[in-house]
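Below are the chains, spelled out letter by letter.
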Amino acid sequence: MADSKFMNDYFTIGGDLKVRRFGFGAMRITGKGIWGEPKDRKEAVAVVKRAVELGINFIDTADSYGPYVSEEILAEALYPYPQNLIIATKGGLLRPGPDQWTPDGRPEHLKEALEGSLKRLKLDRIDLYQFHRPDPKVPLEESLGFLADMQKQGKIRHIGLSNVNEEQLKQAQKVVEVVAVQNLYNLTNRSSESLVDVTNDRNIGFIPWFPLATGNLAKPGGKLAEIAANHDATPAQVALAWLLKRSPNMLPIAGTGSVEHLEENIKGAGIELTNDEFEALGNLQS
Ligand SMILES: NC(=O)c1ccc[n+]([C@@H]2O[C@H](COP(=O)([O-])OP(=O)(O)OC[C@H]3O[C@@H](n4cnc5c(N)ncnc54)[C@H](OP(=O)(O)O)[C@@H]3O)[C@@H](O)[C@H]2O)c1
């Protein structure tokens, strides 16, 4: 692993957070419907510890994963944190029940969400706090204005956005310095294609969620499997390698509750696709 491309491939978020480009998404260490305890908490703790042991230093979570469970497991597994570890969390969604997500961008809610995350993660400051989803009932400026205040107070180091379009990014950049955008993006869902380039041009990290299309890109067969065979790899590994080659600001956070899948995914971050393979994969989108 020491000489793998994965170990030497960094992006600096906000000019001072140097992270390996391949991170870990901590949404899957919760129960079904991203609700409650995971089926096997011991395995969840083991996955998180193994991720860091293997060199991952960028972990994505949210207060709404569980809710709270993902952040609690991260603290249980990793606190006191290694010095170079960046935990990014998010706020701005309520969880009425399993698989239910309701935006709440009111400053009152964001205050409670941020304070809760700081407490659960045992931190004085969140390195990267992402506004989970714009709330149609609350002006974006109002939600972000609150986060800017919290940044001034030292509770947030950098601010990121999630689930935004180009217009919302532009609007947000008038209020805060945006250092990362986290949107749905993978080989077969390219709805944020232009945002990848826009963010890269502005030196903003792009964090693609559902990098494996919730596991669909890990399935055997098809073009992915064919190219995977060239690298003695799995389809999931190739899907992740494609993301990393797509743009230097791409920071995939593959999510898993399994140590085996975690190890497989990290190996995928070491694969170098040829330009022809990259192009052939890029034409796969449905
Ligand atoms: N900002 C947002 O609105 C938003 C929304 C969704 C997700 N996210 C973030 O993005 C991260 C990534 O998304 P995700 O975890 O939902 O989706 P994903 O990475 O596309 O897929 C995760 C699914 O794929 C399976 N999987 C992972 N590695 C595999 C492998 N090597 N072989 C076979 N199956 C594999 C996992 O099952 P196992 O557990 O069995 O491995 C899990 O069911 C999340 O963890 C979260 O941090 C953000």
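Since the structure is predicted, the reported quantities are computational estimates derived from the model, not experimental observations. (Residues numbered from 1 in each chain as written. Predicted model: local features only at pLDDT ≥ 70, side-chain atom pairs only at ≥ 80, totals over all residues. Heavy atoms only, no water.)

### Comments concerning unusual backbone geometry
Each neighbour pair has its own omega, and for Gly66 with Pro67 the value is -15°, a cis peptide bond. Examined against the element boundaries, Pro67 turns out to sit in the loop between strand S4 (58-60) and helix H2 (69-78). Despite not being glycine, Phe210 has its phi angle at roughly 55°, a positive value. Residue position: Phe210 is located in the loop between strand S11 (205-209) and helix H7 (222-230). (Helix = DSSP H or I, 4+ residues; strand = E, 2+ residues; numbered from the N terminus.)

### Quick notes on the site of the ligand
In the neighbourhood of the ligand, 28 residues make up the surrounding shell, with Arg28, Asp60, Leu212, Thr256 and His261 lying closest. With respect to the ligand, the side chain of Trp209 contributes an N or O atom lying 3.4 Å from an oxygen atom. Residue Ala213 places a main-chain N or O atom 3.2 Å away from an oxygen atom belonging to the ligand. Burial of the ligand by the protein chains amounts to 86% of its free accessible area of 890 Å². Those elements that place two or more of their residues in the shell around the ligand are strand S12 (253-255) and helix H9 (259-268). Residues belonging to the shell around the ligand are distributed by class as follows: 12 nonpolar, 12 polar and 4 charged. (Near = heavy atom within 4 Å. Polar contact = N/O pair within 3.5 Å; in protein donor to acceptor, adjacent residues only side chain to side chain. Areas by Shrake-Rupley, 256 points an atom, 1.4 Å probe, with all protein chains shown as cover. Nonpolar A, V, L, I, M, F, W, Y, C, P; charged D, E, K, R; others polar.)

### A look at the sheet that holds strand S3 (residues 23-25)
Taken together, the 8 strands give an open sheet; going across it, the order is S11-S10-S9-S8-S5-S4-S3-S12, and neighbouring strands pair in parallel fashion. Of all strands in the sheet, those bounded by a partner on one side alone are S11 and S12. Each strand axis lies, on average, 25° off the axis of its neighbour in the sheet, ignoring direction. With 5 bridges joining them, strand S10 (residues 178-184) and S11 adopt parallel strand pairing. Residue pairing across strands places Asn183 opposite Pro208, the latter belonging to S11. (Pairing = 2+ DSSP bridges. Axes fitted to C-alpha atoms, helices over the stretch in contact; angles between N-to-C directions.)

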